[in-house]
Amino acid sequence: MATLILLSSISALAMNMFLPSLPRMATHFNSTPAIVGLSVGIYLGASAMLQLAAGPLSDLFGRRPVALWALGIFAVTSIVIIYAPNIHVFLALRAVQAVSACCVVISRAIVRDTTETSESGSKIGYVTMGMAIVPMLSPVLGGFLDGWLGWQSNFWFLAAVGVVIWLICYLDQGETAAPSTHKISSQFAEYSELLKARRFWGYCISSALGAGAFFAFLGGGPFVGSVVFNLTPEALGIYIGVPAIGYILGNFLSGRFSKQIGIDRMVLWGLLVTMVGMSLSLLVSYAGYGSATSFFGLMTFVGLGNGITMPNATAGMLSVRPHLAGAASGLGSAIMIGGGAALSAASGLILKPGSSEMPLVCLMWLSAAGGVLCILYVRRRNATLRDK
């Protein structure tokens, strides 16, 4: 379990640790914070594409070798980023660094390899509860490293973490996938079976829109914190980590209650919690009482909602076609992160100099509302199948 938590954590670590450094990185690359901020969307988009390959490759070659290769490439790329000569090379290297997202696919597939469907939501919840500490602490650490040693220290730290997790995985993680005799082309062809399953799409889009609210926050939160509320990098790092407090609690609730309550109901409740938080934030800002404390504090509802939604939606994806667990994990994660990349980019487009936090909050509310509609469809579809 500890190794699975580490594998699941490294992608989140690389995604948001450097966010407090965006203003200084913009100065270093002679660019703007908005352009440097595109590295979040690029990272998410590349993660989505790489996870499409990670699932079938892990079904074919095994979970262990794919994880080790991904960790090795991640560590090397993190060092190369430090010496990027310009913003274009930096953004391209961020796309390569996204190979760490393959480890998320591997960890979920390992859970499905070793756990019955009825318990997989709970186990994924416990795994992601452990990794929830990373997005809470990494921006804080990144902000202080930036203040003490400069933005480059963030990527030195990421490289060191990549090496440590590689060693742990090499020594501890055994192979859990049965040997496959299929060719790689047939592995990718399995996606067609998943894409024809309406329940799979329902779970995927529900998770994509639920997580999209958080990814939109990652794309627009640094702007709101630094431009709208004039926070320092150190303070911004602390505030960005606030949603993870709710995420930890949400994942604990998933681990504790998913088996008894059911994954569909848990997904719905998680999305409704996110909507409640965004509704409160809209009301506070509309009334003219918006502040850094209210904006970032109410983001704990987004973390709480995602902590309830994501493990159960993932378990739902993997349960639709259990014999395609690796492919389902990769494709489902790709759809989720691809949607998150789009919303992250959208948040950057709608926030301009002079903007308040309102456009971002509206976008996040709409994302959660769309997720509610999707999971309601899935529940209706599951009820129809049971009646048959």
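Heads up: the structure comes first, above all this text.
Predicted, not measured: the structure shown is a model, and the values here were computed from it.

Q: Mind showing me how you'd approach the packing of aromatic side chains here?
A: Note on aromatic pairs: each is described by the distance of the centres and the angle between the planes. Per the counting criterion, the structure on display carries 15 aromatic pairs. The interplanar angle of 85 degrees and the centroid separation of 6.3 Å between the aromatic rings of Phe90 and Phe155 together place this pair among those described as edge-to-face. A residue pair is termed long-range when its members are at least 10 positions apart, and Phe90 in helix α5 (residues 87–97) and Phe155 in helix α9 (residues 152–172) qualify at 65 residues. Take Phe90: its relative accessible area is 0%, and that puts it in the buried class. Taking the centre distance of 4.9 Å and the plane angle of 85 degrees together, the rings of Phe295 and Phe296 count as edge-to-face. If you follow Arg64 out to its NZ or CZ, it ends over the ring of Tyr170, 5.1 Å from the centre.

Q: Honestly, helix α12 (residues 233–240) in this entry has me stumped. Any pointers?
A: Since there are 3.6 residues in each turn of an α-helix, residues three or four apart along the chain are aligned in direction. The complete set of buried residues in α12 reads Leu236, Gly237 and Ile240. Buried residues of α12, viewed axially, fall in a sector of 105 degrees; they line one side.

Q: Help me understand the pattern of salt bridges in this model?
A: Side chains carrying opposite charge are able to pair once their charged atoms draw close together. Enumeration according to the criterion identifies one salt bridge in this entry. Close ionic contact of Arg24 with Asp146 constitutes a salt bridge, the shortest N to O distance being 3.0 Å. Within this pair, whereas Arg24 is found in helix α2 (residues 22–28), its partner Asp146 is found in helix α8 (residues 133–149), the two being separated by 122 residues in sequence.

Q: Is there a simple way to think about unusual backbone geometry in this case?
A: Residues apart from glycine generally show negative phi values, whereas peptide bonds are mostly found in trans. Even without glycine at this site, Asn30 takes up a positive phi of about 55 degrees. Position of Asn30 among the secondary structure elements: in the loop between α2 and α3 (33–61). Taking the relative accessible area as the measure of exposure, Asn30 reaches 72% and is therefore exposed. Phi is positive for Asn230, close to 55 degrees, though the residue is something other than glycine.

Q: Is there a simple way to explain helix α13 (residues 243–261) in this structure?
A: Of all the bends in α13, the greatest measures close to 40 degrees and is centred on Gly255. Every buried residue of α13 is listed here: Pro243, Ala244, Gly246, Tyr247, Gly250, Asn251, Ser254, Gly255 and Ser258.

Q: What should I look at first to understand the layout of surface pockets in this one?
A: Picture a little ball the size of a water molecule; that probe, rolled over the atoms, points out where space is still empty. Size it by volume and the largest pocket reaches roughly 430 Å³. Around the largest pocket, the lining is made up of 24 residues, and of these Pro33, Ala34, Gly219, Phe223 and Gly348 lie nearest the centre. Elements with a minimum of two residues in the lining of the largest pocket: α2, α3, α11 (198–228) and α17 (325–350). Per-element tally for the lining of the largest pocket: the top contributor is α11, with seven residues. Class assignment for the residues of the lining of the largest pocket results in 14 nonpolar, nine polar and one charged.

Q: It is not clear to me how a nonpolar patch on the surface should be interpreted in this structure. Could you clarify?
A: A contiguous nonpolar surface patch, about 470 Å² in accessible area, is contributed by Phe144, Trp148, Leu149 and Ile238. Sorting elements by how many residues they give to the nonpolar patch places α8 first, with three residues. In this fold, Leu149 is placed in helix α8. The class for Leu149 is exposed, based on a relative accessible area of 62%.

What counts as what
Residues numbered from 1 in each chain as written. Predicted model: local features only at pLDDT ≥ 70, side-chain atom pairs only at ≥ 80, totals over all residues. Heavy atoms only, no water. Phe/Tyr/Trp six-rings, centres within 6.5 Å; stacked < 30°, edge-to-face > 60°. Helix = DSSP H or I, 4+ residues; strand = E, 2+ residues; numbered from the N terminus. Buried < 20%, exposed > 50% of the residue type's maximum accessible area, 1.4 Å probe, protein only. Lys NZ or Arg CZ within 6 Å of the ring centre and 35° of its normal. Arc of directions from axis to C-beta. Salt bridge = Lys/Arg side-chain N within 4 Å of Asp/Glu carboxyl O. Bend = angle between axes of the 7 residues up to and from the residue. 1 Å grid on protein atoms, 1.4 Å probe; cavity = no way out; pocket = protein on both sides within 12 Å on 5 of 7 lines; lining within 4 Å. Points joined across faces, edges and corners; volume = space filled by probe spheres on them. Nonpolar A, V, L, I, M, F, W, Y, C, P; charged D, E, K, R; others polar. Patch = residues over 30% accessible without salt bridge, like charges linked within 9 Å, V, L, I, M, F, W, Y side chains within 5 Å. Areas by Shrake-Rupley, 256 points an atom, 1.4 Å probe, with all protein chains shown as cover.

Treat this as a map of the structure, not an account of what it does.
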